[in-house]
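Commentary on secondary and tertiary structure
Okay, here's what each chain looks like letter by letter:
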Amino acid sequence: MITAGIDVGCENIKIAILKDGQVIGRATEESGGIGRAGAVDQAWKQALSGAGIAEKDVEKVVATGKGKHAVAFADDRITEPLAACTAARFLYPGATAVMDAGADETLMATIKGEKMGEFVVNEKCAAGIGAFLAYMGRRLEMTPEEMGGLSRPGPDSPVVNDGCVVFADMEALGLLNRGASPKDVAIAVTEGAAVRASTVVNDITIPRWDKVVMVGGLAKNAAFVNALKANAEIDLSIPQDPEYAGALGAALFAAS
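Residues numbered from 1 in each chain as written. Predicted model: local features only at pLDDT ≥ 70, side-chain atom pairs only at ≥ 80, totals over all residues. Heavy atoms only, no water.

1. Focus: the nonpolar core
Let me state the cut-off plainly: Buried residues of nine kinds, namely Ala, Val, Leu, Ile, Met, Phe, Trp, Tyr and Cys, make up a nonpolar core once their side-chain atoms join them within 4.5 Å. With a 1.4 Å probe rolled over the protein chains alone, any residue whose accessible area is under 20% of its type maximum counts as buried; one over 50% counts as exposed, and the rest are partly exposed. Under the DSSP-based scheme used, a helix requires at least four consecutive residues in state H or I and a strand at least two consecutive residues in state E, with every element numbered from the N terminus.
Core analysis: the biggest nonpolar cluster contains 41 residues, and Met108, Leu133, Val189, Met214, Phe224 and Leu228 have the highest contact counts within it. The set of elements that each furnish at least two residues to this core consists of β6 (97-101), α3 (129-139), α5 (165-177), α6 (182-197), α7 (199-203), β9 (212-215) and α8 (222-232). At 8 residues, α6 tops the list of elements feeding residues into this core. Membership of the second largest hydrophobic core comes to 21 residues, among which are Ile6, Val8, Ala47 and Val61.

2. Things to note about the pairing of strand β2 (residues 12-19)
Using the following cut-off: Pairing between strands is defined by DSSP: at least two bridges between the two strands are required.
Judged by how many residues are buried, β2 sits mostly within the fold: 6 of 8 residues are covered. Sheet topology places strand β1 (residues 2-8) next to β2; 7 bridges connect them, and they run antiparallel. Of the residues in β2, the one forming a bridge with Thr3 is Leu18. What sits between the antiparallel neighbours β1 and β2 is a turn of 3 residues. The pairing of β2 with strand β3 (residues 22-30) spans 8 bridges and is antiparallel. Note on β3: the bridge partner recorded for Asn12 is Glu30.

3. Brief notes about the packing of helix α2 (residues 80-91) against helix α9 (residues 245-255)
So the rule is basically this: Every axis corresponds to a line fitted to the C-alpha atoms, with the helix fit spanning only the stretch in contact, and the corresponding angles, defined between N-to-C directions, vary from 0 to 180 degrees. Roughly parallel means an angle under 35 degrees; roughly antiparallel, over 145; roughly perpendicular, 65 to 115; everything else is oblique. Every residue pair with non-hydrogen atoms within 4.5 Å of one another is taken to be in contact. Residues are grouped as follows: nonpolar covers Ala, Val, Leu, Ile, Met, Phe, Trp, Tyr, Cys and Pro; charged covers Asp, Glu, Lys and Arg; every other residue, Gly included, is treated as polar.
With their axes 7 Å apart at the nearest point, α2 and α9 run at an angle of 85° to one another. Overall, the two elements α2 and α9 adopt an arrangement that is roughly perpendicular. Contacts between α2 and α9 involve Leu82, Ala83, Thr86, Ala87, Phe90 and Leu91 from the former and Ala245, Gly246, Leu248, Gly249, Ala250, Leu252 and Phe253 from the latter. Of the residues that constitute the contact of α2 with α9, the class distribution is 10 nonpolar, 3 polar and no charged.

Written out as structure tokens, the structure is:
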């Protein structure tokens, strides 16, 4: 059976095509704003080409993500927490929770056997963490690899607001104007972002931290992950290519 999952995020579209539980094609494309539907079609063609199949060969397509309704040809649509849980169970059998941290949203969900348990999504002030860190990287003229390779802050390191990205942005620019190095500012904003992201962990009323899987684009930022582990006091298992987890979960759901 061939199925496909399409995760339409605020910044990027991710597509995974499965055949009998194995990934045979993938593609990613910028979401495209008002041109999102066209960007979905472009990514879809790339994924089909990479898999070496035609559209008619795909038996079911399931969409997820904030822009899931832009996938006009989807047979079904599922929520982001369900997609994340489905992928986490597949990648790490026995997983008891999943955290999905992307450009726009950070969510946490517990897993109870084959079902999703409790889930929480970030408050408004903690939205956009991934987009904020990407913006700060560009502002500080640091590559994603440099941002991900940052160390933890020292006792005398500068800090920025850890409750609101707007205030954090203002305070980061203030630090630069007062002569702080771009590296120190990057460490400060990464630490603040991790503190904001850890609020979703604290909001779970019945923690299940035996085996927590982290997915989403921010899972590729090692500095953010290390700060999150320290602030949330949990360990995290991170799969290869974690940004594709939502698409993978949607494709697996299509096959179920």
